[in-house]
Amino acid sequence: MEPSWKKSGRTRGNLVVTAFVMKSLEFHGLLYAHGYKITRRFGQSPIRWQIMGVLEDSGPLTVSQIARRIGSTRQGIQRLITEMTRDGTVSLTSNPDHARSPKVILTQAGQSVLNQINRVQSAWADQVARDVVLKDVEAATAMMKDVSEVLREIEKKESGHE
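Residues numbered from 1 in each chain as written. Predicted model: local features only at pLDDT ≥ 70, side-chain atom pairs only at ≥ 80, totals over all residues. Heavy atoms only, no water.

1. Details of the overall build of the protein chain
When helices and strands are tallied, the protein chain shows six helices and two strands. By its C-alpha atoms, the protein chain is 55 × 45 × 30 Å across when sized along the principal axes. Split into buried and exposed, the 162 residues of the protein chain put 22% on the buried side. Residue pairs in contact within the protein chain that sit at least 24 positions apart in sequence constitute 48% of those at least 6 positions apart. For the protein chain, the computed accessible surface area is about 11400 Å², with 55% contributed by carbon and sulfur atoms. (Helix = DSSP H or I, 4+ residues; strand = E, 2+ residues; numbered from the N terminus. Buried < 20%, exposed > 50% of the residue type's maximum accessible area, 1.4 Å probe, protein only. Contact = heavy atoms within 4.5 Å. Areas by Shrake-Rupley, 256 points an atom, 1.4 Å probe, with all protein chains shown as cover.)

2. A word on the nonpolar core
Within the largest apolar cluster, 21 residues are counted, with the highest numbers of intra-cluster contacts made by Ile-51, Leu-55, Ile-66, Ile-77 and Ile-81. Counting only elements with at least two residues in this core, the list comes to α2 (46-58), α3 (63-70), α4 (74-87), β2 (103-106) and α5 (108-129). Of all the elements, α2 adds the most residues to this core, at five residues. (Core = buried A, V, L, I, M, F, W, Y, C linked by side-chain atoms within 4.5 Å.)

3. As for the environment of Phe-42
In this structure, Phe-42 sits in the loop between α1 (12-40) and α2. When the C-alpha positions of Phe-42 and Gly-110 are compared, they lie 11 Å apart, and in sequence the two are 68 residues distant. With sequence-adjacent residues up to four places away left out, Phe-42 is seen in contact with Val-113, Gln-116, Ile-117 and Val-120.

4. Quick notes on helix α6 (residues 134-159)
With 26 residues, α6 should cover 38 Å at 1.5 Å per step; its first-to-last C-alpha distance of 37 Å lies within 8% of that length. Looking one or two residues past α6, Gly-160 carries a phi angle of roughly 80°, positive in sign. (Expected span 1.5 Å × (residues − 1).)

5. Some points on a nonpolar patch on the surface
On the surface, Val-17, Val-21, Met-22 and Leu-25 cluster together into a nonpolar patch covering about 360 Å² of accessible area. The residue Leu-25 is located in helix α1 in this model. (Patch = residues over 30% accessible without salt bridge, like charges linked within 9 Å, V, L, I, M, F, W, Y side chains within 5 Å. Salt bridge = Lys/Arg side-chain N within 4 Å of Asp/Glu carboxyl O.)

6. Overview of the pattern of salt bridges
Taken as a whole, this structure holds six salt bridges when the rule is applied. Across the pair Lys-23 and Glu-26 runs a salt bridge, and its minimum N-O distance is 2.8 Å. On the criterion of helical spacing, the pair formed by Lys-23 and Glu-26 is a turn pair, its members being three residues apart in helix α1. Since its relative accessible area comes to 43%, Glu-26 is described here as partly exposed. Salt-bridge contacts for Arg-48 lead to Glu-83; the nearest nitrogen and oxygen are separated by 3.1 Å. Of the two residues, Arg-48 is situated in helix α2 and Glu-83 in helix α4; the sequence distance between them amounts to 35 residues. Residue classification places Glu-83 among the partly exposed residues on the basis of a relative accessible area of 26%. Put simply, Arg-48, Arg-79, Glu-83 and Asp-87 are held in one network by salt bridges that share partners.

Here it is in structure tokens:
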């Protein structure tokens, strides 16, 4: 049965973007499932892995900065940072720019876990890379970056933060 959104008299652009969104949601689910398989053996989750990766790439960040970088809510990230502080993968340090917003840093234990996860992910990426056209993946990555920038601009306009 054809989805209702395909029968609605929409423009070509509307149909193309909607098809992309639907396929992206399916793809996200697949990536999350694979990410979960990779991270669970180390007592982590895909979102914790993402947080550790952001901290490794950027250095100390506030909870709000982490949330913005990964497209999540501050409250959700705060809950995870509290858990990760308890298990020793991250720690908090003072923030000279804002006394009430400490910076989150990746601990040595967190870096060790991240390195283990990244080794497994590297083998997984090699496996995937053998069965795809790399130029297509590069083009898709560039296109997703472009669409992400458009979505961020729309979000800024809608929230009044132009």
